[in-house]
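Residue-level structure breakdown
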Amino acid sequence: MNKNVFTTVVFGPKAQAWLCAIADGKDLFEVQLDNADVLLRYSAALVQGATNVFWIDIQTNTRRFQSLFRYLLEEVAMESRRLNKIPVQVQRDLYLLLSRFIFFYNSDRIFDKLESFLKHCPAFQNAFIVGGPADIFVIELADQLQKLKVEPVLLHYLSQIKVLQGMELRMATSTRLKTSLYSFTSPGGPMYPTRAARHAAWDALDFLFPVGRYPRHLISLFFRLLYPWYWPSSCWNFVISCIKAMFYSLMRMLFSRWEEVREQKRS
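Predicted model only: the values in this text are computed from it and were never measured.

Section: helix α9 (residues 133-147)
Helix length check: α9 (15 residues) gives 22 Å between terminal C-alpha atoms against 21 Å at 1.5 Å per residue, within 8%. Burial analysis of α9 places eleven of its 15 residues in the buried class, the great majority of the element. Buried-residue contacts for α9 involve α3 (36-60), α6 (88-105), α7 (110-119), α8 (127-130), α10 (151-160) and α11 (171-182).

Notes on α6
Taking 1.5 Å as the rise per residue, α6 with 18 residues should run 26 Å; its terminal C-alpha atoms sit 25 Å apart, in good agreement. Here α6 lies mainly inside the structure; 15 of its 18 residues are buried.

Describing the packing of α6 against α10
Two packed helices can be described by the angle between their axes and the distance between those axes. Their axes nearest at 9 Å, the elements α6 and α10 cross at an angle of 95°. When the axes of α6 and α10 are compared, the pair comes out roughly perpendicular. On α10, the residues that touch Arg100, Phe101, Phe103 and Phe104 of α6 are Val153, His156, Tyr157 and Gln160.

Topic: the environment of Val76
Along the chain, Val76 turns up in helix α4 (residues 66-77). Between the alpha carbons of Val76 and Gln91 there is a distance of 9.5 Å; along the sequence they are 15 residues apart.

Here we look at the packing of α6 against α9
Packing of α6 against α9 brings their axes to within 9 Å, and their N-to-C directions diverge by 60°. Between α6 and α9, the angle is such that the two are oblique. In terms of crossing hand, the pair formed by α6 and α9 is right-handed. Residues Tyr95, Leu96, Ser99, Arg100, Phe101, Ile102 and Phe103 of α6 lie in contact with α9, whose contacting residues are Pro133, Ile136, Phe137, Glu140, Leu141 and Gln144. Among the residues forming the contact of α6 with α9, the class breakdown is nine nonpolar, two polar and two charged.

What to know about the side chain of Ser174
By the element assignment, Ser174 lies in helix α11. Classification of Ser174 by relative accessible area gives buried; the value is 16%. In this structure Ser174 touches Leu169 and Phe209, once residues within four positions along its chain are discounted.

Remarks on the nonpolar core
The biggest cluster of nonpolar side chains holds 62 residues, and the ones touching the most others in it are Phe54, Phe117 and Phe137. Broken down by secondary-structure element, the contributors of at least two residues to this core are α3, α4, α6, α7, α9, α10, α11 and α12 (195-208). The greatest single-element share of this core, amounting to eleven residues, is contributed by α6. If we skip the residues at most four places from it in the chain, Phe117 touches Leu73, Ala77, Met78, Tyr95, Leu98, Ser99, Ile102 and Phe137.

Points about the pattern of salt bridges
Side-chain pairs of opposite charge can arise where the charged atoms are in close proximity. Applying the stated criterion across every chain yields a total of five salt bridges. Salt-bridge contacts for Arg82 lead to Glu75; the nearest nitrogen and oxygen are separated by 3.0 Å. Its relative accessible area of 13% is what places Arg82 among the buried residues. Notably, a salt bridge pairs Arg100 with Glu140, separated by 2.9 Å at the nearest N-O pair. In this pair, Arg100 is assigned in helix α6 and Glu140 in helix α9, connecting sequence segments 40 residues apart. For the pair formed by Arg100 and Glu140, the shared burial category is buried.

Regarding the environment of Leu205
Mapping Leu205 onto the fold places it in helix α12. Taking C-alpha positions, Leu205 is 9.2 Å from Leu158, a pair spaced 47 residues apart along the chain. Those residues in contact with Leu205, other than ones at most four positions away along the chain, are Lys178, Leu181, Tyr182, Thr185 and Arg216.

As for the packing of aromatic side chains
A complete count under the given rule lists 13 aromatic pairs for this structure. Ring geometry for Trp55 and Phe101: centres 5.7 Å apart, planes at 80°, overall edge-to-face. Of this pair, Trp55 sits in helix α3 while Phe101 sits in helix α6; the two residues are 46 residues apart in sequence, bridging distant segments of the chain. Pair check on accessibility: Trp55 and Phe101 agree, each one buried. With 5.9 Å between their ring centres and 85° between their planes, Tyr182 and Trp202 make a pair best called edge-to-face. A residue pair is termed long-range when its members are at least 10 positions apart, and Tyr182 in helix α11 and Trp202 in helix α12 qualify at 20 residues. Accessibility expressed as a relative area gives 11% for Trp202, which makes it buried. One aromatic cluster is present, formed by Phe54, Trp55, Phe69, Phe101, Phe104 and Tyr105 through successive ring pairs. The ring of Phe209 has Lys178 lying over it, and the distance from NZ or CZ to the ring centre is 5.0 Å.

Conventions we followed
- Residues numbered from 1 in each chain as written.
- Predicted model: local features only at pLDDT ≥ 70, side-chain atom pairs only at ≥ 80, totals over all residues.
- Heavy atoms only, no water.
- Helix = DSSP H or I, 4+ residues; strand = E, 2+ residues; numbered from the N terminus.
- Expected span 1.5 Å × (residues − 1).
- Buried < 20%, exposed > 50% of the residue type's maximum accessible area, 1.4 Å probe, protein only.
- Contact = heavy atoms within 4.5 Å.
- Axes fitted to C-alpha atoms, helices over the stretch in contact; angles between N-to-C directions.
- Parallel < 35°, antiparallel > 145°, perpendicular 65-115°, else oblique.
- Left-handed = near helix turned anticlockwise from the far one by under 90°.
- Nonpolar A, V, L, I, M, F, W, Y, C, P; charged D, E, K, R; others polar.
- Core = buried A, V, L, I, M, F, W, Y, C linked by side-chain atoms within 4.5 Å.
- Salt bridge = Lys/Arg side-chain N within 4 Å of Asp/Glu carboxyl O.
- Phe/Tyr/Trp six-rings, centres within 6.5 Å; stacked < 30°, edge-to-face > 60°.
- Lys NZ or Arg CZ within 6 Å of the ring centre and 35° of its normal.

Right, here's the structure in full:
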């Protein structure tokens with residue numbers, strides 16, 4: 001891995017001096033350290049530093065540290081030889097970190113990456129309470145959604161989250177994810193989602209949890225009626241949506257008729 005990326009990630013003069021002392025650009029996972037305290041300190045600093053720079057990308061909606069993320073995911077978390085070099089607690093922290101950001105940095109072949117990632121989940125002491133690797137992953141993802149304040153990033157997560165369909169989860173985990181998504185379906189506090197975010201959340205919620213779809217929408221409509229100051233904007237958006245739907249239907253009909261006329265002339 002690029003040494004400059006590691007130097008950026010691991011903060012503090014001691015950590016940077018330690019990195020510079022690694023000959024030929026070898027990184028943390030290629031060096032054998034006998035001191036367990038030193039290994040714990042620097043591997044934990046790496047995870048914490050990666051968390052900080054990943055959030056910088058989130059806040060700016062950029063992917064300058066995508067190469068770092070892919071390195072940690074593909075060459076560390078999915079590589080047992082390197083993963084076992086760091087303490088178990090740091091392995092767990094790394095798994096939680098990657099769970100929070102995998103949808104942001106991996107949009108291509110996300111399902112294949114996710115399936116392989118879950119297979120390399122380290123052992124968690126509270127697994128008998130929270131569930132297996134999939135449950136731990138979804139819990140972190142649901143918590144991450146609540147922290148996202150940048151609309152394009154939130155929309156990206158909501159579009160990617162549909163890959164969770166069919167995943168076996170505990171009832172408590174499913175409820176947690178459902179609650180997290182539902183919090184984005186209504187205007188106002190505490191999330192104050194935009195109209196685009198609300199529609200994306202509804203799409204994801206209905207796709208992942210089709211059972212109870214219509215009662216959820218009726219309940220949401222009932223609560224919307226309790227806030228009359230939202231009525232004008234809702235009515236206006238409804239009228240605009242109807243006009244667009246009618247316009248697109250008319251254009252499709254015209255093009256269809258035009259194609260039929262052209263086919264008749266050719267024959």
